[in-house]
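# Tertiary structure, described
Here is what each chain is made of, one letter per residue.
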Amino acid sequence: MRSLRFLSAEALVSYPLLACESLDSVAHNLYPLLFKASYLLEQTDVTQAVLGHWPLEEFRLAALLEPNADHPEDLRDRTCRSCLESCMRGLADHVRQGGSHRLRVVDLTGVRDVQVQQCPCGRALGRWGRTQLLARTCCELQAHPCRVGRPVEVFADLFVTEGNFEAVVQALQPAGRALLQVRCPTFRADSLSPGQLLHVLGLAGTGTLRKLEVVHNVRLHAGHVQQMLAQVGFPRLASLTLPIKAFDAPPTCTPAPAGRDRLLASIAWELSQMTQLTELNVAFSTLTGKIQTLLSPLQTPLRVLDLANCALNHADMIFLADCAHATHLEVLNLSGHSLFQLYPSTFFRLLRQAAHTLRVLILEDCSITDGHVGMMTLGLSPCCQLQEFKFLGNPLSARALRHLFTALCDLPKLQYIEFPVPKDCYPDDMAYPQDEVALSKLDQQKYNAIAGELCAVLLRAGREDIRASTPLFGSFDPDIQETSSELGAFLLQAFKSALENFSRALKQME
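The rules we used
Residues numbered from 1 in each chain as written. Predicted model: local features only at pLDDT ≥ 70, side-chain atom pairs only at ≥ 80, totals over all residues. Heavy atoms only, no water. Pairing = 2+ DSSP bridges. Helix = DSSP H or I, 4+ residues; strand = E, 2+ residues; numbered from the N terminus. Axes fitted to C-alpha atoms, helices over the stretch in contact; angles between N-to-C directions. Core = buried A, V, L, I, M, F, W, Y, C linked by side-chain atoms within 4.5 Å. Buried < 20%, exposed > 50% of the residue type's maximum accessible area, 1.4 Å probe, protein only. Contact = heavy atoms within 4.5 Å. 1 Å grid on protein atoms, 1.4 Å probe; cavity = no way out; pocket = protein on both sides within 12 Å on 5 of 7 lines; lining within 4 Å. Points joined across faces, edges and corners; volume = space filled by probe spheres on them. Nonpolar A, V, L, I, M, F, W, Y, C, P; charged D, E, K, R; others polar. Parallel < 35°, antiparallel > 145°, perpendicular 65-115°, else oblique. Left-handed = near helix turned anticlockwise from the far one by under 90°. Polar contact = N/O pair within 3.5 Å; in protein donor to acceptor, adjacent residues only side chain to side chain.

### Topic: the sheet that holds strand β9 (residues 279-281)
- Taken together, 11 strands build an open sheet; the order of strands is β4-β6-β7-β8-β9-β10-β11-β12-β13-β14-β15 and the sheet is parallel. Taken across any chain shown, the strands that pair with only one partner, and hence form the sheet edges, are β4 (158-160) and β15 (467-469). Taken pair by pair, the neighbouring strands of this sheet meet at an average axis angle of 5°, ignoring direction.
- Note that strand β6 (residues 186-189) and strand β7 (residues 211-214) share four bridges and pair parallel. Considered in β7, the bridge of Arg 188 is made with Glu 213.

### A closer look at the nonpolar core
- Counting 150 residues, the largest nonpolar core has Phe 187, Leu 334 and Phe 389 as its most contacted members.
- Once you skip the residues sitting within four places of it in the chain, Leu 334 turns out to touch Leu 307, Ala 308, Leu 312, Met 317, Leu 320, Leu 339, Phe 347, Leu 350, Ile 362, Leu 363 and Cys 366.

### Overview of the sheet that holds strand β1 (residues 58-60)
- Taken in spatial order, the four strands line up as β1-β2-β3-β5 in an open sheet, and their pairing is parallel. Pairing within the sheet leaves two strands with one partner each, and these edge strands are β1 and β5 (180-183). Strand-to-strand twist across the sheet, computed as the mean angle between neighbouring axes with direction ignored, equals 15°.
- Bridge count for β1 against strand β2 (residues 105-107) is three bridges, and the pairing is parallel. The partner of Phe 59 across the bridge, within β2, is Val 106.

### With respect to empty space enclosed by the protein
- Under the counting rule described, the total for this entry stands at two cavities of 30 Å³ or more.
- Volume-wise, the largest cavity comes out at about 180 Å³.
- Around the largest cavity, the lining comprises 15 residues; the ones closest to its centre are Leu 84, Leu 108, Arg 130, Thr 131 and Ala 156.
- Mapped onto the lining of the largest cavity, the elements with two or more residues apiece are α6 (81-96) and α7 (127-143).
- The dominant element in the lining of the largest cavity, judged by the number of residues it contributes, is α7, at five residues.
- Looking at side-chain class alone, the lining of the largest cavity contains 10 nonpolar, two polar and three charged residues.

### A look at the packing of helix α15 (residues 344-354) against helix α16 (residues 373-380)
- Taken N-terminus to C-terminus, the directions of α15 and α16 make an angle of 25°; their axes are 9 Å apart at the nearest point. One way to sum up the angle between α15 and α16 is to call them roughly parallel. The residues of α16 that touch α15, namely those facing Pro 344, Phe 348 and Leu 351, are Met 375, Met 376, Gly 379 and Leu 380.
- Among the residues making up the contact of α15 with α16, the classes are represented as six nonpolar, one polar and no charged.

### Some points on the packing of helix α10 (residues 222-232) against helix α11 (residues 262-272)
- Their axes nearest at 9 Å, the elements α10 and α11 cross at an angle of 30°. Taken together, the axes of α10 and α11 are roughly parallel relative to one another. Read as a crossing pair, α10 and α11 show a hand that is left-handed. Contact residues: α10 offers Ala 222, Gly 223, Val 225, Gln 226, Leu 229 and Ala 230, while α11 offers Leu 263, Ser 266, Ile 267, Glu 270 and Leu 271.
- Grouping the amino acids of the contact of α10 with α11 by side-chain chemistry returns seven nonpolar, three polar and one charged.

### Some points on helix α13 (residues 314-322)
- Here α13 has its buried residues at Asp 316, Met 317, Phe 319, Leu 320 and Ala 321.
- Tucked into the core, α13 has its buried residues touching α12 (291-295), β10 (304-306), α14 (339-342) and α15.
- Its side-chain oxygen placed 3.1 Å from the backbone nitrogen of Ala 315, Asn 313 serves as the N-cap of α13.

### Here's the deal with the side chain of Asp 70
- Inspection of the secondary structure assignment puts Asp 70 in the loop between α5 (61-65) and α6.
- Classification of Asp 70 as buried rests on a relative accessible area of 14%.
- For Asp 70, the side chain forms a polar contact with the side chain of Ser 3, separated by 2.6 Å.
- When near neighbours in sequence (up to four residues on either side) are disregarded, Asp 70 contacts Met 1, Arg 2, Ser 3, Arg 5, Phe 6 and Leu 33.

Right, here's the structure in full:
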């Protein structure tokens, strides 16, 4: 229920002109209420004016939008374009006031990107757009510098691609005095060259950086990774994500045998200097026989480990099952490995070690068949903390899935299951892993009937709290959706360059 104070704030901001004229008479402790009310009602002129007159030393967006005693609704998933743009205009107005402002810290982190916006306008501003907006505001303030006043620290989660690279660099490296000093707790990079990545990371600074995601179209090899870790340094980093093939040897180097890879050992040593690192995501890197080299030097146990499609062998699995990280793992992704065919006992030992901490387990495209379901139910039974289990892409029948769902109902904290389309819904000659052509042959009516049966299994067990789904084309990724056109152009340019290089090589051979 909304408090009388919040209802009064809504009433005031519903008259934008009156609200803006009355701000000088409003008690300082009521500004947070006015801000949330104006954000809720999308009264952008009031939002801009409230921030322009902000009388407090800190402005923390997520804290202002979260539920509170005056207004229980959570607005942190409303990344409303109009409201966020008005926030930046208000911030620019505020710092232009010079020495009269009290504001010292602006924290723009903590908002959530969702698939369906609940704000009245329905227009979202994603992480890339928010980065672009902040960078553009910084550049505009640099173009008309103010000689007085103290700078304001702005904490923001940055997402940098080729499309906003120049603006971000200018914002982070002003030619003169900067009124807004950008601090970066999380940094995501895509569609950048290795040189651009190193440059912008060096400017962003690492004193506040907690999470680094280098994804998709940043073409790194092990030499680039070693250079990035050694030159930039990440003393406070807690989470690191690297793109595909990030641990492949540089083109000029001969791949080293397992156990004698000096470049990987150097990378591992750099990682060991990150004493707060607890999350490591290195999917789609070939790490056969190299897991011990990579993980054993780390000084802190990992809580999140993504080794999907890393071509692990038995020695790697033995190390994972026996290492210090196993008893601390909360999220584990071993997709793309035939765990139940090649080393089931070692994998189950790993599950037993992680049973009291593991919350999320992902085993997609692991060649799990009907004959493995009995073993899998036994292996999962000790995992009393498991909340999410995802096993898309495995050739399981409806009968096997019903048996598995019955066993999963015994996991007390399970909340979410991602299960594959039963193989009953495809032609008998269907091959795995599946491609988009295979997905087009799905018998949707049969799938709906089987999905209903699986939900009935949950209901009969009294587990209405468990959600189960089959996201055929992947889960919603706001960052990819926001930059899809730029990613597509980047891929086309990369393909064109590859064709040109191939043609040049053919001519040289002639």
